[in-house]
Amino acid sequence: MSVHMVEARGVEKRIRQLDILKGIDFHVDRGEVVSLIGPSGSGKSTFLRCINHLTKISAGYLAVDGEAVGYRREGNKLYELSDAEIAINRASIGMVFQRFNLFGHMTALQNIIEGPVQVKREPAAQARERARQLLDRVGLAEKEGAYPSELSGGQQQRVAIARALAMQPKLMLFDEPTSALDPELVGEVLDVMKGLAADGMTMIVVTHEMGFAREICDRVAFMDDGRMVEVGPPAEVFGNPQSERARAFFARIL
Ligand code: ADP
Ligand code: MG
């Protein structure tokens, strides 16, 4: 039986009496690239945070690579994972945020080897070698000694992607990775993401870049008000939206 990389069934999230996610049914297959789109406040970031063990779901079932997020199954019982176990699971999921979140006092190379060396206890020499390959892959081979303040937003975001990849994740989550960038820098980051998609990385991408969603993504998921309203191939969802909410949203942004 093939296991979905991400599987959500009836996922709910409440924060202080507020229903943020209202029953999400959704899955992502291995190697699939899915874009998550929808109005601000619809729950996209919250859903990514649930997948990445940054926050706990209130009800339903959520699994990454066949394992319930935050829980371990023994026989028929589920046990809550310890913080240490959660940290191990989180290490297998790469996350890239709108703000680059690089360590300002570390060079590009140091930023990239930090996780492998500190979390995975990899030998520094090995981590450095892979970091250089990753910098090359994101087109920044000459910038290994540069500090974040010496890099453009687009370059910082590419270092952030390399840093996430250094942990050899099985899944990459992107939360509006280009929203904070000047328009002329968006393309260089999307190009790196396209390369990842072509290499078979499983990706969930929250984005307003409809061109990227249309061109690169296998499926598009439209969220509104804590629900997954429409999911399907880009041509279907964009070309023939079934819901009034999706039609109204696309009319505003396309
Ligand atoms: P999106 O990423 O689609 O813009 P979010 O997941 O950030 O949406 O937020 C969904 C809703 O949940 C919003 O109404 C937001 O105000 C609310 N929300 C998110 N996080 C919290 C929190 N920690 N406390 C209270 N409300 C929250
Ligand atoms: Mg968000």
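Up top you'll find the structure we're talking about.
Visitor: With reference to specific residues and values, describe the sheet that holds strand β10 (residues 203-206).
Guide: Reading across the sheet, the six strands line up as β8-β9-β10-β3-β11-β12 and stay open at both edges, with mixed pairing between neighbours. Where the open sheet ends on each side, the last strands, each with one partner, are β8 (93-96) and β12 (227-232). Strand-to-strand, the axes of this sheet are offset by a mean angle of 15°, without reference to chain direction. When strand β3 (residues 33-37) meets strand β11 (residues 219-224), the two strands line up parallel, connected through four bridges. For Val34, the partnering residue across the bridge sits in β11 and is Arg219.

Visitor: So, the layout of surface pockets: which residues are in play, and what are the values?
Guide: The computed volume of the largest pocket comes to approximately 570 Å³. Put simply, the parts of the chain that give the lining of the largest pocket at least two residues each are α2 (83-90), β8, α3 (108-118) and α5 (153-165). Here the lining of the largest pocket gets four residues from one element, more than from any other, and that element is α3. Residue classes in the lining of the largest pocket are distributed as eleven nonpolar, six polar and three charged.

Visitor: Please give an account of the site of ligand 1 that cites residues and values.
Guide: Taken together, Ile15, Arg16, Ile20, Pro39, Ser40, Gly41, Ser42, Gly43, Lys44, Ser45 and Thr46 make up all the residues around ligand 1. In this structure, Lys44 approaches ligand 1 through a side-chain N or O atom, which is 2.8 Å from an oxygen atom. The separation between an oxygen atom of ligand 1 and a polar side-chain atom of Thr46 is 2.5 Å. Considering ligand 1 on its own, with 560 Å² of exposed area, one finds that the protein chains cover 61% of that surface. At three residues, the largest contribution of residues to the shell around ligand 1 is made by helix α1 (residues 44-51).

Visitor: An account of the packing of α3 against α5 is requested, with residue identities and associated values reported.
Guide: When two helices pack together, their arrangement is given by the angle between the helix axes and the distance between those axes. Following both chains from N to C, one finds α3 and α5 inclined at 25°, their axes separated by 8 Å at the closest point. One element, α3, and the other, α5, form an angle in the roughly parallel class. The chirality of how α3 crosses α5 is right-handed. Within the contact between the two elements, α3 uses Ala108, Asn111 and Ile112 and α5 uses Val159, Ala162 and Arg163. Residues belonging to the contact of α3 with α5 are distributed by class as follows: four nonpolar, one polar and one charged.

Visitor: I'd like to hear about the packing of α5 against helix α6 (residues 183-198), residue by residue, with values.
Guide: At a minimum axis separation of 8 Å, α5 and α6 run at an interaxial angle of 20°. By the angle between their directions, the pair α5 and α6 is classed as roughly parallel. Along this stretch, α5 crosses α6, giving a crossing that reads as right-handed. Each of Gly153, Gly154, Gln155, Gln157, Arg158, Ile161 and Leu165 in α5 lies in contact with α6, whose residues at this interface are Leu185, Glu188, Val189, Val192, Met193 and Leu196. Among the residues forming the contact of α5 with α6, the class breakdown is seven nonpolar, four polar and two charged.

Visitor: Could you give an account of the packing of aromatic side chains, with specific residues and numbers?
Guide: Throughout the structure, instances matching the rule amount to five aromatic pairs. One aromatic cluster is present, formed by Phe222, Phe238, Phe249 and Phe250 through successive ring pairs. The ring of Phe103 carries the charged tip of Arg163 above its face, separated from the ring centre by 5.4 Å.

Cut-offs applied
Residues numbered from 1 in each chain as written. Chains lettered and ligands numbered in written order. Predicted model: local features only at pLDDT ≥ 70, side-chain atom pairs only at ≥ 80, totals over all residues. Heavy atoms only, no water. Pairing = 2+ DSSP bridges. Helix = DSSP H or I, 4+ residues; strand = E, 2+ residues; numbered from the N terminus. Axes fitted to C-alpha atoms, helices over the stretch in contact; angles between N-to-C directions. 1 Å grid on protein atoms, 1.4 Å probe; cavity = no way out; pocket = protein on both sides within 12 Å on 5 of 7 lines; lining within 4 Å. Points joined across faces, edges and corners; volume = space filled by probe spheres on them. Nonpolar A, V, L, I, M, F, W, Y, C, P; charged D, E, K, R; others polar. Near = heavy atom within 4 Å. Polar contact = N/O pair within 3.5 Å; in protein donor to acceptor, adjacent residues only side chain to side chain. Areas by Shrake-Rupley, 256 points an atom, 1.4 Å probe, with all protein chains shown as cover. Parallel < 35°, antiparallel > 145°, perpendicular 65-115°, else oblique. Left-handed = near helix turned anticlockwise from the far one by under 90°. Contact = heavy atoms within 4.5 Å. Phe/Tyr/Trp six-rings, centres within 6.5 Å; stacked < 30°, edge-to-face > 60°. Lys NZ or Arg CZ within 6 Å of the ring centre and 35° of its normal.

Read these as layout, nothing more, since geometry by itself doesn't imply function.
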